[in-house]
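Structure at a glance
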Amino acid sequence: MKQLTYNTNIRNIAIIAHVDHGKTTLVDGMFRQSGLWRDNQIISERVMDSMDLERERGITIAAKNCSVLWQDVKINILDTPGHADFGGEVERALIMVDGAVLLVDAAEGPLPQTRFVLKKALDANKRIIVVINKIDRKDARPLQVLDEIYDLFIDLDATDEQIEFPVFYAIGREGIIKKSLDAPDESLQPLFESIVDEISPPAFDPHAPFQMLVSDLGYSDYLGRLAIGKVHNGSVKLQDELVCVGREGKVSPLRVAKLQVYSGIELKNADQASAGEIVIMAGIDEVEIGDTICHRSDPKALTRIVVDEPTIAMTFTINTSPFAGQEGKIVQATKIYERLVKETLRNVAIRVERSNVKDQFIVKGRGEFQMAILIETMRREGFEFTVGRPQVIMKHEDNKVLEPIEHLFVDCDENFVGIVTEKISRRRGRMINLVNHGTGRVRIEFSIPSRGLIGYRTEFLTDTKGTGIMNAYLAGYEPFRGEFPMRLTGSIVADRQGSAVAYACYNLEPRGTLFVEPNDPVYEGMIVGEHNRDNDIDVNICKMKKLTNMRAAGSDENIVLTPVVPMTLEKAIEFIKEDEWVEVTPKSLRLRKTILDQLVRKNTKSK
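A few points on the structure. (Residues numbered from 1 in each chain as written. Predicted model: local features only at pLDDT ≥ 70, side-chain atom pairs only at ≥ 80, totals over all residues. Heavy atoms only, no water.)

**As for the overall build of the protein chain**
Helices and strands together make up the secondary structure of the protein chain, namely 15 helices and 37 strands. Relative to the globule expectation of 25 Å for 607 residues, the C-alpha radius of gyration of the protein chain, 27 Å, shows essentially globular dimensions. C-alpha atoms of the protein chain, sized along the principal axes, occupy 95 × 60 × 60 Å. The proportion of buried residues among the 607 residues of the protein chain is 55%. Sequence separation of at least 24 residues holds for 71% of the intrachain contacts in the protein chain that already meet a minimum separation of 6. Just so you have it, the protein chain exposes about 28900 Å², and 49% of that area is on carbon and sulfur atoms. Seen as two clouds, the 78 positive and the 90 negative side-chain charges of the protein chain have centres 5 Å apart. (Helix = DSSP H or I, 4+ residues; strand = E, 2+ residues; numbered from the N terminus. Rg over C-alpha atoms; globule rule 2.2 N^0.38 Å. Buried < 20%, exposed > 50% of the residue type's maximum accessible area, 1.4 Å probe, protein only. Contact = heavy atoms within 4.5 Å. Areas by Shrake-Rupley, 256 points an atom, 1.4 Å probe, with all protein chains shown as cover. Lys, Arg positive; Asp, Glu negative; His and termini not counted. Charge placed at Lys NZ, Arg CZ, Asp CG, Glu CD.)

Here it is as structure tokens:
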């Protein structure tokens, strides 16, 4: 057996938690108290959420690296996403670390994504430090939450060593942490000490040549493609002659043009890096996540990163509406395909395939929220394109059709239990558990097909008057549970091109909910509203009022229209049916029929 050596000057950890449990805020506190920033230095909150979308939505989307220095020990920190749709980010982040800090809200307790990220960490045999955060909340229940965390560890088959985790109680926003609830408020010093003492330093074989697993990719206008990963064995220097071992053992030569390491949230140039360090290397153009960069004399590949299979597929294609090319800078099919392929290089959980139909591409991922983030990112880059309804990816085994099943957690007011249960059972969901703490809110667990959740989130918020919380994670695959209606309403479709008119909108309001306002441009086949009934109707939303020289008292009063709720990307993706698309441009979101011509559409439907 190989005798391993440890690099005691380094600790590599990940911060894992459910969405909005305070990961990024805790990292801010670690920066401040490690001496990275001056006391009077003005720093924005959640400095690790560097993407515009992350700041707008208040969540972490991409895993990001940083480091702090504590008593001559460098602590590399990976801030990971808390949403299951970004599980690929969590999986590749855990490859680079030796332990994890699990953050749990003192009031909400372990939630679905807590379970998801913890299971990944336990499966990878990482040492866990538990921090119960936000103990200053009025509804905080830290002792009960600690019991729930122990139950979760047991439920996930944690080993005896893993379940003996250190526990801290924190107010992350104020940089306060303590070992027991009745202890005086302290700085984050106990957490830093626990990380150094409890998390094992990175281990390596002192006799093995250089090996590094590429866990992330970057890009520089000056240096080109950047490979990011942890040095597993050996050391590397500037100008070293190395090789990159790709898929199926393909070997490509490279020279280390630049070497960088993390220092706080910035990058610092380095002449060399030893085993255990997380480095950024420039010098190779063709590299993928999962490749191994190693010494030329002994090109041995490390185990590639393996992520869960995608569960959702969406069709991306060019914009073919009459308004195509008016608002976007990039509209060509080849450019859209290149951008999607580029996303697969950065995100191991996304896959892209060419469709049998010209200019159409199939994008596969973890969930509709991940797809929505990709679409929103592309439209902000100037792309204009069209996307179809998310489709669940089925499996076929032993002549049986298997579909992905979600474990759904619902937290809502007890007055809404009836309507929520009815709607979910209509979508082939089954109740597993119901807990009522007597506080007026109820927590319910369901087993439901993944396709049953597509389009349900908006309906759920309406049914619970915006007070319900819904989260889910993939539980596995089961035999197909049968068909059910995905949407009980039809679409109101414009029958001609023009501008919407207030008079026509006013007369159409009794027929359903409109998506357009007066003077909005429309075209034939564009969906301008949701019909009250289950059938589609074609309407003339450009119809003007006939003008005559006859006047009567009260006949010309001002038209007052119901305000239109702005269409969001997630709502648009959830709303559309099989024969409908979402037209995405940098400035607009429009819903449309796949076949715009109403006569062709009706003939196709009758056939």
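**Here's the deal with the pairing of strand β4 (residues 73-79)**
The buried count for β4 comes to seven of seven residues, which makes it a mostly enclosed element. The side-chain alternation of β4 yields two buried faces, one formed by V73, I75, I77 and D79 and the other by K74, N76 and L78. The sheet contact formed by strand β2 (residues 10-17) and β4 spans six bridges and is parallel. Bridging from a neighbouring strand, N12 pairs with N76 of β4. (Pairing = 2+ DSSP bridges.)

**A word on the sheet that holds strand β10 (residues 211-220)**
Judged by pairing direction, the sheet is antiparallel, and its eight strands sit side by side in the order β14-β13-β19-β10-β11-β18-β15-β16 without closing on themselves. Looking at the sheet topology across the chains shown, the edges are occupied by β14 (251-255) and β16 (266-269). Each neighbouring strand pair of the sheet contributes to a mean axis angle of 40°, computed without reference to strand direction. The pairing of strand β11 (residues 224-233) with strand β18 (residues 278-282) spans five bridges and is classified as antiparallel. Along β18, the bridge assignment pairs A227 with M281. (Axes fitted to C-alpha atoms, helices over the stretch in contact; angles between N-to-C directions.)

**What to know about the nonpolar core**
Most often, soluble globular proteins have nonpolar side chains that are buried together. Within the largest apolar cluster, 42 residues are counted, with the highest numbers of intra-cluster contacts made by I128, I132 and F153. The residues touching F153, leaving out its near neighbours within four places in the chain, are L102, L118, L122, I128, V130, A158, Q162, I163 and F165. (Core = buried A, V, L, I, M, F, W, Y, C linked by side-chain atoms within 4.5 Å.)

**Focus on unusual backbone geometry**
Unusually for a residue other than glycine, N399 sits at a positive phi of about 60°. Within the secondary structure, N399 sits in the loop between β25 (395-397) and β26 (400-413). The phi torsion at R428 lies on the positive side, around 65°, for a residue other than glycine. One can find R428 in the loop between α10 (417-426) and β27 (430-436).

**Observations concerning the packing of helix α8 (residues 333-346) against helix α9 (residues 368-380)**
At a minimum axis separation of 12 Å, α8 and α9 run at an interaxial angle of 130°. Looking at the two axes, α8 sits oblique to α9. Along this stretch, α8 crosses α9, giving a crossing that reads as right-handed. Contacts between α8 and α9 involve I336, R339, L340 and E343 from the first element and L374, T377 and M378 from the second. (Parallel < 35°, antiparallel > 145°, perpendicular 65-115°, else oblique. Left-handed = near helix turned anticlockwise from the far one by under 90°.)

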